[in-house]
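So you can see what is in the structure, the chains are spelled out below.
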Amino acid sequence: MTRSIEIVVVHPELLGTYGDGGNAEVLSHRARLAGVDAVVHPVAHTEPLPSGADVYCIGGGEDVAQIACVQALRGRGADTLAAAMARGAQVLAICAGLQILGDVFPGSRGEPVEGLSLLPVTTHRGVERLIGEIAMRSPLTGTMLTGFENHRGITELRDGLQPLGSMTLGNGNGIGAVDGVVTDSVIGTYMHGPALARNPELADVILRRLGIDTTAVHDDAAVAFAAERRAVASSMAAQQQRRGRRGPSARQW
Amino acid sequence: MSLRLRLGLVAAAAAGTASRLLGRGNGVAIAGRVLVAVAPSALRELAAGRRIVLVSGTNGKTSTTGLLASLLAPLGPVSTNGTGANLTGGIAAALAARPRAQTVALEVDEMHLPLMLDALQPQAVLLLNLSRDQLHRTQEVRVIANRWREALDRHPEVHAIIDYEDPFLAYVTQAHERTTRLGFGFRTHLDAACCPGCSHPLTWQPPRYHCAQCGLGGRSVHRTEQAAGAVERNAALAREAARWMGVADPPVDRTRDRVASLRLAGRDLHLRLVKNPASWTEALAHLPAGPVVLAVNARGVDGRDTSWLWDVDYTPLRGHDVVVTGERRLDAAYRIGVAGVPHRVAADLEQAVAALPSDQAITVLMSYTAYIAVAS
C-alpha cells in the first residue's frame, strides 16, 4: 500500500455517540480492501481540526452536545472545513452533523441556534420525533439506501441544493419527501449512526471521489447485510402502501 | 387495611390466577395492575409503616435488588420484587405478597422512580447508574436525570446512596443533602460528554470528571472502594444500603448476574442478558474462557436500531471461538468482522451451538427478546 488517506472524526465525544464511529471504520476497512491504507484520527473539541485530511466525519448527538460542538467549531474549525470542501476533501455529515453545517438549527427548547453556514440549509424543529427505518432511491449511488432515523429536525435545502435521495420509506429531511444533501464535497443524511455500514456503496462514492478505484472491493458480509436491510425496507414500504399511507411526513408538514 | 384495599387484593389474586391458568405468564404484573385499579391508594397503604429501599438505574437493577434483599435478611422477613417486575403492578404485587415483612427492597423502573418516591415514601433510594438504553424507547438520559432530581427535591427526607463516578447521579444528588457518595476510581462515561447540569463540556481526567462551569464532580466521596466492574460496584452499593438500613456488618457477596444456565444438544450454556452498550461492554470485558455465541435481536424492547453495535469494543472476543446468531445476526456479523474478530454465522441458537466444540461450556450473550425466548 503506497497511498494512505486520513479520516478525521470531528469531536466524537460531542457528536458521534450513536455508533457514528462506525462510518470512519467502514471507510478505512473498504479503503484497505481497495489497497489504500487509512488512518482514522478522532479529534476532540479541545484540539484544532487538522487542515489536510481527506475525509471529515461529523456525527449525530443530542441537543446540548450539538450546541457545544458548533461552539467549538465556530471560527477556525469552520474555516478549516470550508477550505477542505473547496479543495475537494469529503465531509460526511450525519443528522445533527448535517444540521450544524447549515445556517440555523433548533436548540434544546426549539430556539434557533446559528450554524456554521457552510451549506444553504435551514433546520427547524418538527412537531414530533421521527423514529424508524428509512429508505430512499439515490441518484448518487443508483441504488436504494437504507438507514434508521431518530431526530426531530425539519431540514430545508435552498439554492437548488440536491438531496441524497427520494424517500421510499420514512421521513428523512421531513419536507419534500427527500433525505439529506449532496454536493461535490459533502454527503449529509438523516440515516443516523453507522450509515455507511448499511450502505457500502455510499462509502465507495466517498472513496472514488478521493480517486480510489473501488472496483476490486468485495466484502460478502457487507453485501449480505445491506441486501437484508433493503429487503426489509422494501417490504415495510409495500406494507405501508397497502395500508394506504405514506410516511408521517406528508401528514405533519 | 381499608375495605377497598381488601377488595383489591381479592380481585388481584383472581386476576393473577386467571392469567397463570391461561398460560399468560406468572400473573404478577396483571395482579398488581388490577389491585391499583380497584384500590388507587393501594401502594400508599401497603407501604405505610414499612422501611423501604428503592433500587433504580439503567443496568443491574434486578441482580442488585436480589443481593440487597438477601443482605437485609438479618433485619427480619424482606418483601421484594425478585422477578424484575419493576412497574406499578409488580411493585404493588410484591408489597401485597408479604404484607407483614417490615423491610422492603424494591427494584423500580427508571421512569417510575419519581412516582414511587411519592407513593411509597421510602427511607432510602439506591441509584446504580444512568446511561443510554434504547433511544427510541426511553428518553434521553438527561431527561431521566432531571426527573430524578426533581423527585428528590420533593423528598429531602429520603437518603440517597449513589456511585459518584457517574456524573448523571452526581447531578441528580447535587443539591440533595442526605446522600452517601461512593467512589470507585476513574472511569469514563459514554453519554456524558457534556455536563448533565449546565451542558458545558466535561473534563475527563483522573482522578475524576469535572465541570469547569458549575463544579460538578468536585465533591469528595464518603469512601472509595476497589471494583473491577459493575458487578463489584453494585455489590458495594448494596452493602452500603444494607448498612444504612441497620445491618451491622453485611457480608461481602457478589450480585447474582442475570445469568441462566441451559443444557442444549448436550452442551452447557451460560446465558447472559445484555441490553445496551454499557452492558455489552461490561459483559465482553469479563468474558470467561471458552466459546461465545452472540444472539442479537432488535424487536421493541431490544431497541429497533442496531447502531449501538458500533459503540462497543469487541477486541475481548479475539481468541474465542465466536458464532453470531439472532434476528440481526448480519448487522452483528458485519460489525465484528470490521473489528477483526473471526466468526461464523448461524441461523439459530441450536445451529450456533452445534457449530462449536462440545467439550467446553458456551457463553451466550443475548439481547432481551432472545434471552426471554429461551431463559423463561
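Just above, that's the structure.
The structure contained in this document is the topic of the report that follows. (Residues numbered from 1 in each chain as written. Chains lettered and ligands numbered in written order. Predicted model: local features only at pLDDT ≥ 70, side-chain atom pairs only at ≥ 80, totals over all residues. Heavy atoms only, no water.)

When its secondary structure is counted, chain A shows 8 helices and 12 strands. Rg of the C-alpha trace for chain A: 17 Å, near the compact-globule value of 18 Å for 253 residues, within the 12% margin. Relative to its 253 residues, chain A shows a buried fraction of 58%. Look at the contacts in chain A between residues 6 or more apart in sequence, and 71% of them connect residues 24 or more apart. Entry remark: accessible area of chain A is about 9,600 Å², with carbon and sulfur atoms responsible for 51%. (Helix = DSSP H or I, 4+ residues; strand = E, 2+ residues; numbered from the N terminus. Rg over C-alpha atoms; globule rule 2.2 N^0.38 Å. Buried < 20%, exposed > 50% of the residue type's maximum accessible area, 1.4 Å probe, protein only. Contact = heavy atoms within 4.5 Å. Areas by Shrake-Rupley, 256 points an atom, 1.4 Å probe, with all protein chains shown as cover.)

Before going further, it helps to spend a moment on the sheet that holds strand 5 (residues 159-163) of chain B. All names here are of chain B. Ordered by their spatial adjacency, 7 strands build an open sheet running 2-3-1-4-5-6-9, and the pairing between neighbours is parallel. If you trace the sheet from one side to the other, it starts and ends with strand 2 (78-80) and strand 9 (223-224), each paired once. Pairing geometry for strand 2 and strand 3 (residues 103-107), over 3 bridges, is parallel. If you follow T80 over to strand 3, its bridge partner there is A105. Contacting strand 1 (51-56), strand 3, strand 4 (124-127), strand 5, strand 6 (179-183) and strand 9, helix 9 (residues 230-245) runs over the sheet at an angle of about 160 degrees to strand 5. (Pairing = 2+ DSSP bridges. Axes fitted to C-alpha atoms, helices over the stretch in contact; angles between N-to-C directions.)

A few words now on the pattern of salt bridges. One pass over the full model with this rule turns up 24 salt bridges over all chains. The shortest N-O distance in the salt bridge between R229(A) and E228(A) comes to 3.8 Å. Relative accessible area serves as the criterion here: at 4%, R229(A) is assigned to the buried category. For R132(B), the salt bridge is made with D191(B), and the minimal N-O distance between the two is 3.0 Å. Highlighted residues: R132(B) in the loop between strand 4 and helix 7 (141-154) and D191(B) in the loop between strand 6 and strand 7 (203-205), separated in sequence by 59 residues. With relative accessibility at 11%, the residue D191(B) sits in the buried group. The structure contains a network of salt bridges with shared partners spanning R223(B), E225(B), R239(B), E240(B) and R243(B). (Salt bridge = Lys/Arg side-chain N within 4 Å of Asp/Glu carboxyl O.)

Residue and element names in this part refer to chain B. Helix 6 (residues 113-120) packs onto helix 5 (residues 88-97) with a crossing angle of 35 degrees between their chain directions and a minimal axis gap of 11 Å. Remark: the crossing between helix 5 and helix 6 carries right-handed chirality. Residues T88, I91 and L95 of helix 5 pack against L115, M116 and L120 of helix 6. For the contact of helix 5 with helix 6, the residue count by class is 5 nonpolar, 1 polar and no charged. (Left-handed = near helix turned anticlockwise from the far one by under 90°. Nonpolar A, V, L, I, M, F, W, Y, C, P; charged D, E, K, R; others polar.)

Next up on the list: the environment of Y209(B). Residues and elements named next belong to chain B. Considering the arrangement of structural elements, one finds Y209 in strand 8 (residues 208-210). Taking relative accessible area as the criterion, Y209 reaches 1% and is therefore assigned buried. Sequence separation between Y209 and A48 is 161 residues; the distance between their C-alpha atoms is 40 Å. Among all residues touching Y209, those that are not within four sequence positions of it are Y164, E165, D166, P167, A170, F186, L202, T203, W204, L216 and G217. A distance of 2.7 Å separates the side chain of Y209 from the backbone oxygen of Y164, its partner in a polar contact. (Polar contact = N/O pair within 3.5 Å; in protein donor to acceptor, adjacent residues only side chain to side chain.)

Core analysis: the biggest nonpolar cluster contains 96 residues, and I5(A), L27(A), Y56(A), I100(A), Y314(B) and L317(B) have the highest contact counts within it. No other element matches helix 2 (residues 63-73) of chain A, which puts 7 residues into this core. Residue contacts for Y56(A): discarding those within four places in its chain leaves V8(A), V10(A), P50(A), S51(A), T80(A), L81(A), A84(A), R87(A), A89(A), Q90(A), V91(A) and L92(A). Counting 48 residues, the second-largest nonpolar core is a separate cluster that includes I91(B), V141(B), Y164(B) and C211(B). (Core = buried A, V, L, I, M, F, W, Y, C linked by side-chain atoms within 4.5 Å.)

Turning our attention to the interface of chain A and chain B. Each partner contributes residues to the interface: chain A has 32 residues there, and chain B has 23 residues. Between chain A and chain B, a total of about 2,500 Å² is buried, with carbon and sulfur atoms accounting for 59% of that surface. Three residues, Y18(A), E62(A) and F225(A), lead the burial of chain A against chain B; their summed loss comes to 20% of the area buried on that side. Linking chain A to chain B there are 2 salt bridges. Two residues, R142(B) and E62(A), come together in a salt bridge whose shortest N-O distance is 3.3 Å. Taken together, the links from chain A to chain B amount to 5 residue pairs in polar contact (both at pLDDT 80 or more). Elements supplying a minimum of two residues to the side of chain A that touches chain B: helix 1 (21-33), helix 2, strand 7 (121-138), strand 8 (143-157), helix 5 (195-198) and helix 7 (220-242) of chain A. A total of 6 residues in the side of chain A that touches chain B trace back to one element, the largest contributor, which is helix 7 of chain A. (Buried area = accessible area lost by both parts, 1.4 Å probe.)

Residue and element names in this part refer to chain A. Bridge count for strand 7 against strand 9 (residues 165-169) is 3 bridges, and the pairing is antiparallel. Bridged to R137 within strand 9 is S166. The sheet contact formed by strand 9 and strand 10 (residues 178-179) spans 2 bridges and is antiparallel. Looking at strand 10, one finds that S166 is bridged to V178.

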